[in-house]
There are 4 protein chains.
Amino acid sequence: MSGFRKTVTQLPVRPGDLDSVGHVNNARALEYLEHGRWDWLRRNNLSRGTNVIPVVVRIEADYRAEIPWGDIRVETDMQDGGDLTFKAIFNQLIYAGSPDQFAVKAVVHVAFIDAAARSVCTLQDYLDDAGAMAANTAR
Amino acid sequence: MSGFRKTVTQLPVRPGDLDSVGHVNNARALEYLEHGRWDWLRRNNLSRGTNVIPVVVRIEADYRAEIPWGDIRVETDMQDGGDLTFKAIFNQLIYAGSPDQFAVKAVVHVAFIDAAARSVCTLQDYLDDAGAMAANTAR
Amino acid sequence: MSGFRKTVTQLPVRPGDLDSVGHVNNARALEYLEHGRWDWLRRNNLSRGTNVIPVVVRIEADYRAEIPWGDIRVETDMQDGGDLTFKAIFNQLIYAGSPDQFAVKAVVHVAFIDAAARSVCTLQDYLDDAGAMAANTAR
Amino acid sequence: MSGFRKTVTQLPVRPGDLDSVGHVNNARALEYLEHGRWDWLRRNNLSRGTNVIPVVVRIEADYRAEIPWGDIRVETDMQDGGDLTFKAIFNQLIYAGSPDQFAVKAVVHVAFIDAAARSVCTLQDYLDDAGAMAANTAR
């Protein structure tokens, strides 16, 4: 149990997200995921960091259904790591239209960098910097 | 009086909209305006056209305040032309944070093109194609 | 041996690609990969298809170095499948600055869809539609 | 005569720039203009500023021709102000395909902000901050 809440974020597809066949471009879908992660941080009372900043190091995304213009829903959950290691891994899903069938499923690996020293940090370093009160009280 | 309703569209700024100083990029702000116009069409019961398509031919945009990550509001209104000419002109405003001070003010000129013949059409041609029931009944 | 040429595509980072810490956003990097694949098609004398269209179904991307404003290089190569199956898999690398160290490494899975019937096709169906003369003559 | 060189910047349209009718989206065209202005700064030996930063306050853009996937050319020139006022005005043109007919014509107004004090500065303040050696020597 990571001690953090899974979040659900609603947002609209914008016309500029659509490609030349009228569906959301695969790159634009990653912007929805990023918005979902920022919203996850905000709702878990974490700032985006000032000294220790999160950096995406790997994304695996499966595209299962076309996304048209309309509203979508992004679910964001942090995998339980068991300990506070050098990476956080997020499971994210994008739903468009059907509530039963996701359109995109992604696993996003985030590392933590000391902004000044450009060196690798741990999740705990990040939480200390981001003022992670939620992490300590939410169990 | 154009016979069409002014619309207000809410949408969130996405992290990918922010530039290297942390505010919405001027190009991305135009995506909000485009989203507002699509929403205006939808709420005025107009389709986006199949035979006659609207094309942006001129944009004048004044940027008055920085837009941070958060929710924004786009107001979209069609100028009353008095007659059904070769252009529709939209007045649009983006509000972020303060409800009293807009962040962006834009005037957007839209022309109408016959998709097959690549020739210029009138607003009336477009309305005929887009099934503009609202236009005829809303006065 | 797939019979297709590996391609190298140069393009500039645009200011709008940079995020709030001044480096290329992870979503924007996928646009470079997409541009690389379109260029791969063009240089291998393949059209983008009209009846049978390629659709990205999975992306695995590793981000190893920050990409600043400047020129980048995208390498695109199709994996040899041995037979003409239901998927094409592309290995792609983005280089920025150092010619020895890639910034992004990606594996992109592409499926083929019959645009009218919305049914799955094979790579061979796509090549037949895209007029793949290069595939037959380049061995 | 502003003392600065007019610049021409080449760059490719990316697939993600195209909208659902297969032409460059009007918002994306502004990214080409922004790239042209950064290139103008670089070639005129101006940095993008650290204490005094340029901010776009108004854009007037006329869209005259559709831009397909391919290479484009952005011309960027600073209007001669006669004195070093609170605004710089850039005339920009985008050419795609035909060298004789521009696709987009824009006038872009840029103001200068003291990053710390959030107060308005003059072009001269900006040039002092950006180390504008070129301005003094290029006549």
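Residues numbered from 1 in each chain as written. Chains lettered and ligands numbered in written order. Predicted model: local features only at pLDDT ≥ 70, side-chain atom pairs only at ≥ 80, totals over all residues.

Before going further, it helps to spend a moment on the overall build of chain A. If you tally the helices and strands in chain A, you get three helices and six strands. Split into buried and exposed, the 139 residues of chain A put 42% on the buried side. The long-range fraction of contacts in chain A, counting pairs at least 24 apart against all pairs at least 6 apart in sequence, stands at 71%. (Helix = DSSP H or I, 4+ residues; strand = E, 2+ residues; numbered from the N terminus. Buried ≥ 20, exposed ≤ 12 C-beta atoms within 10 Å, placed from the backbone. Contact = placed C-beta atoms within 7 Å.)

On to the packing of helix α1 (residues 26-43) of chain A against helix α1 (residues 26-43) of chain C, then. Between α1 of chain A and α1 of chain C, the least distance of the axes is 8 Å, while the angle of their chain directions is 170°. Judged by the inter-axis angle, α1 of chain A sits roughly antiparallel to α1 of chain C. Contacts from N26, A27, R28, L30, E31 and E34 of chain A in α1 of chain A reach N26, A27, R28, L30, E31 and E34 of chain C in α1 of chain C. Within the contact of α1 of chain A with α1 of chain C, the residues separate by chemical class into four nonpolar, two polar and six charged. (Axes fitted to C-alpha atoms, helices over the stretch in contact; angles between N-to-C directions. Parallel < 35°, antiparallel > 145°, perpendicular 65-115°, else oblique. Nonpolar A, V, L, I, M, F, W, Y, C, P; charged D, E, K, R; others polar.)

With that out of the way, let us pick up the relation of the copies chain A and chain D. For the match of chain A to chain D, the screw axis carries a shift of 0.0 Å, the RMSD comes to 0.0 Å, and the turn is 180°. In the structure described here, the two chain copies are related by an operation that fits a two-fold rotation axis. Minimal C-alpha distance to the rotation axis in chain A is attained by S20 of chain A, lying at 2.1 Å. A share of 100% of the interface residues of chain A reappears at the interface of chain D, consistent with the copies meeting face to face through the same patch. (Least-squares fit on C-alpha atoms with pLDDT ≥ 70 in both.)

What follows covers the pairing of strand β4 (residues 87-96) of chain C. Residues and elements named next belong to chain C. Strand direction decides the pairing type here: strand β3 (residues 71-78) and β4, joined by seven bridges, are antiparallel. For R73, the partnering residue across the bridge sits in β4 and is Y95. When β4 meets strand β5 (residues 102-114), the two strands line up antiparallel, connected through nine bridges. Bridge pairing in β5 links Q92 to A106. Here β4 folds back onto β5 in antiparallel fashion, the turn holding five residues, of which G97 has a positive phi close to 80°. (Pairing = 2+ DSSP bridges.)

Time to look at the relation of the copies chain A and chain C. For these two chains of identical sequence, chain A goes onto chain C by a turn of 180° and a shift of 0.0 Å along the axis, with RMSD 0.0 Å. Most of the interface of chain A is mirrored in chain C, where 100% of its interface residues are also at the interface.

Moving on, we come to α1 of chain A. Residue and element names in this part refer to chain A. With 18 residues, α1 should cover 26 Å at 1.5 Å per step; its first-to-last C-alpha distance of 26 Å lies within 8% of that length. Burial runs high along α1: 15 of the 18 residues are buried. N45, located one to two residues past α1, shows a positive phi value of around 60°. (Expected span 1.5 Å × (residues − 1).)

Residues and elements named next belong to chain A. Residues with a pLDDT of 70 or more make up 90% of chain A, whose mean pLDDT is 88. Across residues 133-139, confidence stays below pLDDT 50; counting only partners more than four residues off in sequence or on other chains, it has eleven contacts. If you check the scores for this complex, the pTM reads 0.91 and the ipTM reads 0.88. (pLDDT = per-residue confidence, 0-100.)

Moving on to the pairing of β5 of chain C. Residues and elements named next belong to chain C. Pairing of strand β2 (residues 52-63) with β5, which is carried by eleven bridges, proceeds in the antiparallel orientation. Of the residues in β5, the one forming a bridge with E60 is V107. Judged from the two bridges that link them, β5 and strand β6 (residues 120-121) form a sheet pairing that is antiparallel. Counterpart to F112 in the pairing with β6 is C121. Linkage of β5 to β6, two consecutive antiparallel strands, is achieved through a turn of five residues, within which R118 is found at a positive phi near 55°.

Moving on, we get to the interface of chain A and chain C. Every contact between the two is made by 16 residues of chain A and, on the other side, 16 residues of chain C. For the side of chain A that touches chain C, the secondary-structure elements that each account for two or more residues are α1 and β2 (52-63) of chain A. For the side of chain A that touches chain C, a count of residues per class yields nine nonpolar, one polar and six charged. Strand direction decides the pairing type here: β2 of chain A and β2 of chain C, joined by five bridges, are antiparallel. Note that in β2 of chain C the partner of D62 of chain A across the bridge is R58 of chain C.

This part takes up the environment of E34 of chain B. Residues and elements named next belong to chain B. Its location among the elements puts E34 in helix α1 (residues 26-43). Take E34: there are 21 C-beta atoms within 10 Å of it, and that puts it in the buried class. In the structure, E34 is positioned 54 residues away from A88 in sequence and 14 Å away in space, judged by C-alpha atoms.

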